[in-house]
Amino acid sequence: MRPGRTVTSIVGFAAAVFLTTARPAIAQEKSSEDKKGKAVLKLKLPRPAFKGTPKHVPPGTNLEKPRKGPRPKFMAPKGTKLLSHGMPVKASDDDPIIGEIGFVTDGDREANEGSYVELGPGVQWVQIDLKKKHAIHAVLIWHYHASARIYHDVVVQVADDADFISNVRTVYNNDHDNSAGLGLGEAKEYWETYEGRLLDAKGVVARYVRLTSNGSTADDQNHYTEVDVYGIPAR
Ligand SMILES: [Ca+2]
Ligand SMILES: [Ca+2]
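Described below are features of the structure shown in this document. Treat the numbers as computed from the prediction; the structure is a model and nothing was measured.

To continue, consider the overall build of the protein. When helices and strands are counted, the protein shows one helix and 11 strands. The order of helices and strands in the protein, counted from the N terminus, is α-β-β-β-β-β-β-β-β-β-β-β. A burial count over the protein gives 43% of its 235 residues as buried. Considering only contacts within the protein whose residues lie at least 6 apart along the sequence, 78% involve residues at least 24 apart. Accessible surface computed for the protein: about 13200 Å², of which carbon and sulfur atoms make up 54%.

Written as structure tokens, this is what we have:
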């Protein structure tokens, strides 16, 4: 009886090892691609310039609760890709204090000196021309992540025309008192980090993406390190 038992228990042990090592791989495969034809969107992130997020809430801010753990993976339809890299950029301030407007889409997302453009004080915007209509699924924004700060009146809109007159839609707005004049926003303010701010654009179809801000907790100027727009060409 004993030798038989030993063989059975070895087989049982081997099966248990196989199952415990095989299961997580299968689960992972399933979670990266769901039944609706979506897949995990792979994001390009810069190196972190500082660790952690400050715990204090600066006066006059409308901050969201800090997230615990890493950012959840973002699911987007298969075929969603980075659209904005190298695309033309226009700004409300066409003579930046530091840097060049083209820095917004040049692919440099790092927190280095020389990697960001600084626009004048008060309400300012930058806008990206995707050159044709796309279904936009995500917008990832880094204003400035060399130190912890919060930008005010962050509003992201899309439109069919460069002047933002035709078919303007708001993707994100955290201007809770309409001080930027683009309407009241329900989103909360947030700390800048190396992860950038990832917005779900839910497939909105447009050619132009405009981002507004109104200074930060650091100063009145407006900064952009990079803006990544992800989507699929519209049919
Ligand atoms: Ca850049
Ligand atoms: Ca405001």
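Having put the structure on the table, let's press on.
Moving on, we get to the coordination of the calcium ion (ligand 2). Coordination of the calcium ion (ligand 2) by the protein is provided by Asp-153 (OD), Asp-175 (OD), Asp-177 (OD) and Ser-179 (OG), with metal-donor distances spanning 2.2 to 2.3 Å. The sequence pattern describing where the donors of the calcium ion (ligand 2) fall on their chain is D-x21-D-x1-D-x1-S. Taken together, the positions of Asp-153 in the loop between β6 (123-142) and β7 (155-159) and Asp-175 in the loop between β8 (169-173) and β9 (197-214) put the pair 22 residues apart, joining distant regions of the chain. The exposure classification of Asp-153 matches that of Asp-175, with both residues buried.

Another point: the packing of aromatic side chains. For the structure shown, the criterion picks out one aromatic pair. On the basis of an interplanar angle of 75 degrees and a centroid distance of 5.1 Å, the ring pair of Tyr-116 and Tyr-144 is categorised as edge-to-face. Of this pair, Tyr-116 sits in the loop between β4 (89-91) and β5 (117-119) while Tyr-144 sits in the loop between β6 and β7, and the two are 28 residues apart along the sequence. Residues Tyr-116 and Tyr-144 agree in their burial class; the two are buried. Lying over the aromatic face of Tyr-144, Arg-149 brings its terminal NZ or CZ to 3.8 Å of the ring centre.

On to the environment of Thr-225. Structurally, Thr-225 can be placed in the loop between β10 (222-224) and β11 (226-233). It is 6.6 Å that separates the C-alpha atoms of Thr-225 and Phe-103, two residues lying 122 residues apart in sequence. Aside from chain neighbours lying at most four places away, what touches Thr-225 is Phe-103, Val-104, Asp-108, Arg-109, Glu-110, Ser-115, Tyr-116, Trp-142, His-143 and Tyr-144. A distance of 3.0 Å separates a polar side-chain atom of Thr-225 from the backbone oxygen of His-143.

Checked against the element boundaries, Asn-174 lands in the loop between β8 and β9. Among the polar contacts made by the side chain of Asn-174, one reaches the main-chain amide nitrogen of Val-154 at a distance of 2.8 Å. Apart from residues lying up to four places away in sequence, Asn-174 is in contact with His-152, Asp-153, Val-154, Ala-187, Lys-188, Glu-189 and Tyr-190.

With that out of the way, let us pick up the environment of Asp-228. With respect to the element layout, Asp-228 can be found in strand β11. Among the residues examined, Asp-228 registers a relative accessible area of 0% and is labelled buried. For Asp-228 and Leu-43, which are 185 residues apart along the polypeptide, the C-alpha to C-alpha distance reads 9.0 Å. Contact partners of Asp-228, with chain neighbours within four places excluded, come to Lys-44, Leu-82, Ser-84, Arg-109, Ala-138, Val-139, Leu-140 and Trp-142. Of the polar contacts made by the side chain of Asp-228, one reaches the side chain of Arg-109; its length is 2.8 Å.

In the first shell of the calcium ion (ligand 1), the protein supplies Phe-103 (O), Asp-106 (OD), Asp-108 (O), Thr-225 (O) and Glu-226 (OE), at 2.2 to 2.4 Å from the metal. Read from N- to C-terminus, the donor residues coordinating the calcium ion (ligand 1) fall into the pattern F-x2-D-x1-D-x116-T-E. You can call Glu-226 buried: its relative accessible area is 1%.

With the rule as written, the count across this model stands at seven salt bridges. Notably, a salt bridge pairs Arg-67 with Glu-195, separated by 2.8 Å at the nearest N-O pair. Of this pair, Arg-67 sits in the loop between β1 (38-40) and β2 (75-77) while Glu-195 is found in the loop between β8 and β9, placing the two residues 128 residues apart along the sequence. You can call Arg-67 partly exposed: its relative accessible area is 44%. Residue Glu-195 is classed as buried on the basis of its relative accessible area, which comes to 15%. Where Arg-207 meets Asp-129, a salt bridge forms, and the shortest distance between an N and an O atom there is 2.7 Å. On the criterion of sequence distance, the pair formed by Arg-207 in strand β9 and Asp-129 in strand β6 is long-range, its members being 78 residues apart. Connected through shared salt-bridge partners, Lys-133, Asp-160 and Arg-169 make up one network.

Calculation rules
Residues numbered from 1 in each chain as written. Chains lettered and ligands numbered in written order. Predicted model: local features only at pLDDT ≥ 70, side-chain atom pairs only at ≥ 80, totals over all residues. Heavy atoms only, no water. Helix = DSSP H or I, 4+ residues; strand = E, 2+ residues; numbered from the N terminus. Buried < 20%, exposed > 50% of the residue type's maximum accessible area, 1.4 Å probe, protein only. Contact = heavy atoms within 4.5 Å. Areas by Shrake-Rupley, 256 points an atom, 1.4 Å probe, with all protein chains shown as cover. Donors = N, O, S within 2.8 Å, 3.2 Å for Na, K, Ca; no water. Phe/Tyr/Trp six-rings, centres within 6.5 Å; stacked < 30°, edge-to-face > 60°. Lys NZ or Arg CZ within 6 Å of the ring centre and 35° of its normal. Polar contact = N/O pair within 3.5 Å; in protein donor to acceptor, adjacent residues only side chain to side chain. Salt bridge = Lys/Arg side-chain N within 4 Å of Asp/Glu carboxyl O.

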